[in-house]
Structures are given as structure tokens and as C-alpha cells.
Amino acid sequence: MAGITNVAFRRLCREQGAALFVGEMVTTRALVERNIKTMRMIAFDDARPRSLQLYGVDPATVRKAVEMIVDEDLADHIDLNFGCPVPKVTRKGGGSALPWKRRLFRSIVGAAVEAATPADIPVTVKMRTGVDGQHLTYLEAGLIAQEAGAAWVALHGRTAADRYSGTADWDAIARLKQALDVPVLGNGDIWEADDALRMVDRTGVDGVVVGRGCLGRPWLFADLAAAFAGRPERVMPSLGEVASIMLRHAELLSYWYGSDREGVIDFRKHVAWYLKGFPIGSALRQCMAMASSLDDLGKLLALLDPETPYPTDVLGQPRGRTNSPGKVGLPEGWLDDRDDERVPDGAELPDSGG
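In this text, all values refer to a predicted model and were calculated from it rather than measured experimentally. (Residues numbered from 1 in each chain as written. Predicted model: local features only at pLDDT ≥ 70, side-chain atom pairs only at ≥ 80, totals over all residues. Heavy atoms only, no water.)

A.B. asks: Which parts of the structure should I look at to understand the pairing of strand 7 (residues 153-156)?
C.D. replies: In regular strands, side chains alternate between the two faces of the sheet. Burial along strand 7 is two-sided: the residues Val-153 and Leu-155 and Ala-154 and His-156 are all buried. After leaving strand 7, the chain enters helix 8 (residues 170-179) and then returns to the sheet as strand 8 (residues 184-187), a path that is right-handed. (Buried < 20%, exposed > 50% of the residue type's maximum accessible area, 1.4 Å probe, protein only. Helix = DSSP H or I, 4+ residues; strand = E, 2+ residues; numbered from the N terminus. Right-handed = clockwise from strand over helix to strand, strands pointing away.)

Structure below.
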């Protein structure tokens, strides 16, 4: 998630029980060219494994990026993102648009796997079910990824056209699991630990991928660990406990940025997610969303009633972006020939992030 899964948030989620956390998507061209912003985005703390998410459209550039990762020991796991539905990406033929070009898709995955193999770094693939309901790709793309050497395939049960609307198609995830021999992970509408259990039971997947569900709820990973271990307990932090986690998050961001002000300003976007459902006045929420120092944020958090219980009525509700289905922006003629391996002009983005 752009602007969210930086090293500070990854560390916080690991402290709360996350097993593997993939960083923000970075573009292969920006990585190879050592773009300053991109090099900062691939920063990790001391915890292992280090999981790096790549976006690329040109197989040659993808290969160079992975060779760089291997030569400089930048990561322990590489996840290729073919699931992003953002117009900036799909208009270049990348993200969730790319698996439609099956030969180009095969070349990219194969190049990454070949470059990563000498260092025994696993390469995985994340994708959506297709461009839209008339242009589904997930079964063929899953088989191609498997044949090219992907260690596992993760499927978000929505098309690019779906964006983040409606409900995820778990039946598609089940079909992919039945079709592949490598592990399959399911993604889409995992808001609570029990959702993960239901997905595994219904689809047979080997694991789940959490995206928007952890926004403002990094303790969700502790719930997931308990659920998969067969334990009934679930984390329901009081407002005081949530406030402590919020301050810890802001402190980690400030340390990462090297600036109290920058860290707290970046933290502002998390405030509404953390406080969703709690009975807090709009004035106090607004003040928190305008805080610019750890001292200011700490004083505002101290005004909250620490004994307020967690609002159970928000459990299971979507978090983060929601929107309506829409037409997918694509390069001209993109859908005409699935076997055309040409890389669109300007497809490799020179910088990373939103």
C-alpha cells in the first residue's frame, strides 16, 4: 500500500504479530537508476525476512533490478506486483493489466526467477483475476507463473475494473488453488481473523494476504496467529491501548524520517483508521489530524478516555479505500493481441510511490 507499508509500519506490525510483511511497491527502473525516493522506500530494519515488492513491464529492466537486489543483498524475498489497479500503472500496461499479455508476463516472471536463483531468493507473484469480467487471466497467468518458477501465487479476487468495490470473488481463488501445485494465497475482504479462517475453509488456500484490513489495526496479525493456531482469543484493545500504539507508530515514523515533524505529519493519515468507531468528538479528531510534533500528539492522545472499550460494531467493516467499478485505463490496442511481447513506450516508471 503506497505510503503505508514503510519500514516504520512494517516494524509496528511485526511487533503486533505479523509473519511476513511486503514493503511498498517500487519500480524496477527507479531501483536500477537508484532514485533517491525509491532507495529510501526499500529500507529495512534488522528483522528478517526482508520482502521487496517490484513493479516492472520490461523484462530486461526487471532482470537488472533483481540482479542488483542479489548483488547488493537488498532483500530475502521478491514479490512481483501484477495486481495494482491504479490508472497510473495500468495505462502503462503494468500491474493488473499486464497478465493479459501472456508472453510478456512469462518473460518478466522468468527473468526475475532466473536472476534470483543464484542467491536462492524466492520470487512470488501477486495478481488480480483479470482486466475486467470479459478479460479474465488468473488461471492461465497462475499456470505461467508456476511454470516460470514462482514460489507461490497470491490472488486478489477482484478484477482491475472492480478496483476496491463489491466483494471479492473467493470462488476464483478456490479455482486457482485447484489448478496449481505451488502454494496459493488468497486476498480480498480479510477484515477479521475469522474471515481468514472462512477463506481457507472455503477455498483451500495455503495462506492469506492482508491489505486494507490492517489499516489502523496492526494487532490484527496477533488475531490471525491465534486463529490459525486454533486459539479463541482476539485482541480488542481499549482506547488507552490504542492510543499507546498510535504514539508508538508516530515515534517509529519520526525515527525513520529523522524528523519529529515529518514523522507526525506522515502519521496523520492513520488517525481516522485507528479511531474508527470510538466515541470521540470531531474537534479532537481534527486536532490530531493537524498535529505536527510528538509532544502535541501525545498531549492530544492523553485527552482520550483510556477505559473506553473497543467498538465491536466496526468489526468486519471495510477499511481504507472503497470505490465503484470503472473502466480500466490501458495502452492503445492493449487487448488486441495477447501474444504481442512489445513493451509500451514509457512503460517503466522512473519513480516509485503514489
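A.B. asks: Would you explain the packing of helix 7 (residues 138-148) against helix 8 in this entry?
C.D. replies: Packed helices, taken two at a time, are described by the angle between their axes plus the distance between the axes. In contact at an axis separation of 10 Å, helix 7 and helix 8 are set at 35° when each is read in the N-to-C sense. The two elements helix 7 and helix 8 cross, and the hand of that crossing is right-handed. Listed contacts from helix 8 to Tyr-138, Leu-139, Gly-142 and Leu-143 of helix 7 are Ala-172, Arg-175, Leu-176 and Ala-179. When its residues are assigned to classes, the contact of helix 7 with helix 8 shows six nonpolar, one polar and one charged. (Axes fitted to C-alpha atoms, helices over the stretch in contact; angles between N-to-C directions. Left-handed = near helix turned anticlockwise from the far one by under 90°. Contact = heavy atoms within 4.5 Å. Nonpolar A, V, L, I, M, F, W, Y, C, P; charged D, E, K, R; others polar.)

A.B. asks: Is there a simple way to think about the environment of Gly-211 in this case?
C.D. replies: With respect to the element layout, Gly-211 can be found in the loop between strand 9 (207-209) and helix 10 (220-228). Along the sequence, Gly-211 and Trp-191 sit 20 residues apart, while their C-alpha atoms lie 8.9 Å from each other.

A.B. asks: In this structure, what is going on with the pairing of strand 4 (residues 123-128)? I would like to understand it.
C.D. replies: Burial within strand 4 is extensive, with five of its six residues counted as buried. When strand 3 (residues 77-82) meets strand 4, the two strands line up parallel, connected through five bridges. Opposite Asn-81, over in strand 4, you have Lys-126 as the bridge partner. Note: strand 4 against strand 7, four bridges, orientation parallel. (Pairing = 2+ DSSP bridges.)

A.B. asks: What am I meant to see in the packing of helix 4 (residues 59-71) against helix 6 (residues 102-116) here?
C.D. replies: At a minimum axis separation of 8 Å, helix 4 and helix 6 run at an interaxial angle of 20°. Looking at the two axes, helix 4 sits roughly parallel to helix 6. Here the hand of the crossing between helix 4 and helix 6 comes out right-handed. Here helix 4 contributes Pro-59, Val-62, Arg-63, Val-66, Glu-67 and Val-70 to the contact with helix 6, which in turn contributes Leu-104, Ser-107, Ile-108, Ala-111, Ala-112, Glu-114, Ala-115 and Ala-116. (Parallel < 35°, antiparallel > 145°, perpendicular 65-115°, else oblique.)

A.B. asks: Could you clarify how one ought to interpret the sheet that holds strand 9 in this entry?
C.D. replies: Strand pairing in a sheet is mediated by backbone hydrogen bonds. Such pairs are either parallel or antiparallel. Sheet architecture is open: seven strands sit in the order 1-2-3-4-7-8-9, paired in parallel fashion. Two strands lie at the open edges of the sheet, namely strand 1 (22-27) and strand 9, each paired on one side alone. Here the average twist between neighbouring strands, direction ignored, is 30°.

A.B. asks: I would appreciate a short explanation of unusual backbone geometry in the present structure.
C.D. replies: Trans is the prevailing form of peptide bonds, just as negative phi is the prevailing case for residues other than glycine. Despite not being glycine, Asp-120 shows a phi value in the positive range, around 55°. With respect to the helices and strands, the residue Asp-120 is situated in the loop between helix 6 and strand 4. The exposure class assigned to Asp-120 is exposed, which follows from its relative accessible area of 68%.

A.B. asks: I keep staring at helix 15 (residues 294-301) and nothing clicks. Help me out?
C.D. replies: One full turn of an α-helix is made of 3.6 residues, so residues set three or four places apart face in the same direction. When helix 15 is considered as a whole, its buried residues turn out to be Leu-297, Leu-300 and Leu-301. One side of helix 15 holds all its buried residues, which, seen down the axis, span an arc of 100°. On its buried face, helix 15 is in contact with helix 11 (239-257), helix 12 (260-267) and helix 14 (282-288). (Arc of directions from axis to C-beta.)

A.B. asks: I keep staring at the pattern of salt bridges and nothing clicks. Help me out?
C.D. replies: Opposite charge on two side chains allows them to pair when their charged atoms are near. Considering all chains together, one arrives at 24 salt bridges under this definition. Salt-bridge contacts for Arg-11 lead to Glu-15; the nearest nitrogen and oxygen are separated by 3.5 Å. With Arg-11 and Glu-15 both in helix 1 (residues 7-15), this residue pair falls four residues apart, about one helical turn. Measuring nitrogen to oxygen at the nearest pair gives 2.9 Å for the salt bridge that ties Glu-114 to Arg-63. Highlighted residues: Glu-114 in helix 6 and Arg-63 in helix 4, separated in sequence by 51 residues. (Salt bridge = Lys/Arg side-chain N within 4 Å of Asp/Glu carboxyl O.)

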